[in-house]
Amino acid sequence: MEFSPEEILELCRTRANIIRQKYIEDMENKLTSFDRKMKEKGYQVYWISDEAELTETFFGLLPTSPYNKVCFDLPNIPEELRSSKVIRPVHYADVESGKSSASYPFVQADFAIVETGTLVLLNKNSKNCLNSIPQLFVLLDISKLLNKASDLETILYLRTHAQEQQYLPND
């Protein structure tokens, strides 16, 4: 039996809905498990609910130096971070080429896998310099957590082939 591309896309949408439903049904345990696994790997996790809290937490983690070199690989940088006097933005291209250095990269993860405590970064400008910077700040929307690594294949297929921006089921 052969499926048309439209039928395959519809099957993937159905599977994505099942994946998201299973995650939502046990979300509290999944978040706790992910938090524990990240901490076991030496990461500090902060659960943040809005942009103001994000900014406050980020500034609270930076040293008091007035010239903290920060690279942002985010689709939208909060205005308060962008206009801050304690941050000196550095472009990733300059870090990668060695023209500059940065102490704090700030990236947005595309997904995370609960069962392994793994962050998934796709097509980031920062991909070639993340290992050269000792402290990494990662922003992750909890709706981008997946139970298992095998769920990622379905979600990436939808992300690649869906015609609309909203490729994940709306929780």
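Our subject is the structure listed above.
Just so you know, these numbers come straight off a predicted model, no measurement behind them. (Residues numbered from 1 in each chain as written. Predicted model: local features only at pLDDT ≥ 70, side-chain atom pairs only at ≥ 80, totals over all residues. Heavy atoms only, no water.)

A. Quick peek at the sheet that holds strand 1 (residues 68-73). Spatially, 4 strands are ordered 2-1-3-6 in an open sheet, and the strand pairing comes out parallel. In the strand order of this sheet, the two ends are held by strand 2 (87-89) and strand 6 (137-139), each with one partner. Direction aside, the axes of adjacent strands within the sheet are offset by 30° on average. Both strand 1 and strand 3 (residues 104-108) contribute to a ladder of 4 bridges, which runs parallel. The residue of strand 3 that forms the bridge with C71 is P105. The sheet strands contacting helix 3 (residues 51-61) are strand 1, strand 2, strand 3 and strand 6, and the helix crosses strand 6 at an angle near 170°. (Pairing = 2+ DSSP bridges. Helix = DSSP H or I, 4+ residues; strand = E, 2+ residues; numbered from the N terminus. Axes fitted to C-alpha atoms, helices over the stretch in contact; angles between N-to-C directions. Contact = heavy atoms within 4.5 Å.)

B. Representation of the pattern of salt bridges within the structure. One pass over the full model with this rule turns up 5 salt bridges. Across the pair D110 and R159 runs a salt bridge whose closest N-O atoms are separated by 3.6 Å. Of this pair, D110 sits in the loop between strand 3 and strand 4 (111-113) while R159 is found in helix 6 (residues 150-161), placing the two residues 49 residues apart along the sequence. You can call D110 buried: its relative accessible area is 11%. Classification of R159 by relative accessible area gives partly exposed; the value is 30%. (Salt bridge = Lys/Arg side-chain N within 4 Å of Asp/Glu carboxyl O. Buried < 20%, exposed > 50% of the residue type's maximum accessible area, 1.4 Å probe, protein only.)

C. Looking closely at the packing of aromatic side chains. Taken as a whole, this structure holds 7 aromatic pairs when the rule is applied. Between F58 and F59, the aromatic rings sit 6.2 Å apart at their centres with planes inclined by 45°, giving tilted as the arrangement. We classify F58 as buried; its relative accessible area is 2%. Where F58 meets F106, the ring centres are 4.8 Å apart and the plane angle is 90°; that geometry is what we call edge-to-face. Placement of F58 in helix 3 and of F106 in strand 3 is noted, with a sequence separation of 48 residues between them. (Phe/Tyr/Trp six-rings, centres within 6.5 Å; stacked < 30°, edge-to-face > 60°.)

D. Local environment of the packing of helix 1 (residues 5-25) against helix 6. Contact pair helix 1 / helix 6: the axes reach a minimum separation of 9 Å and the direction vectors enclose 130°. With respect to each other, helix 1 and helix 6 are oriented oblique. Along this stretch, helix 1 crosses helix 6, giving a crossing that reads as left-handed. Counting all contacts with helix 1, which are made through I8, L9, C12, R13, R15, A16 and I19, the residues of helix 6 involved are S150, D151, T154, I155, Y157, L158 and H161. Across the contact of helix 1 with helix 6, the residue classes tally to 8 nonpolar, 3 polar and 3 charged. (Parallel < 35°, antiparallel > 145°, perpendicular 65-115°, else oblique. Left-handed = near helix turned anticlockwise from the far one by under 90°. Nonpolar A, V, L, I, M, F, W, Y, C, P; charged D, E, K, R; others polar.)

E. Region of the structure containing the packing of helix 1 against helix 2 (residues 27-40). With their axes 5 Å apart at the nearest point, helix 1 and helix 2 run at an angle of 85° to one another. Between helix 1 and helix 2, the angle falls in the class roughly perpendicular. Contacts from Y23, I24 and E25 in helix 1 reach M27, K30 and L31 in helix 2. Split by residue class, the contact of helix 1 with helix 2 holds 4 nonpolar, no polar and 2 charged.

F. Seen up close, the side chain of R20. Along the chain, the position of R20 falls in helix 1. Under the relative-accessibility criterion, R20 is labelled buried at 2%. Side-chain polar atoms of R20 contact the backbone oxygen of L145, separated by 2.9 Å. (Polar contact = N/O pair within 3.5 Å; in protein donor to acceptor, adjacent residues only side chain to side chain.)

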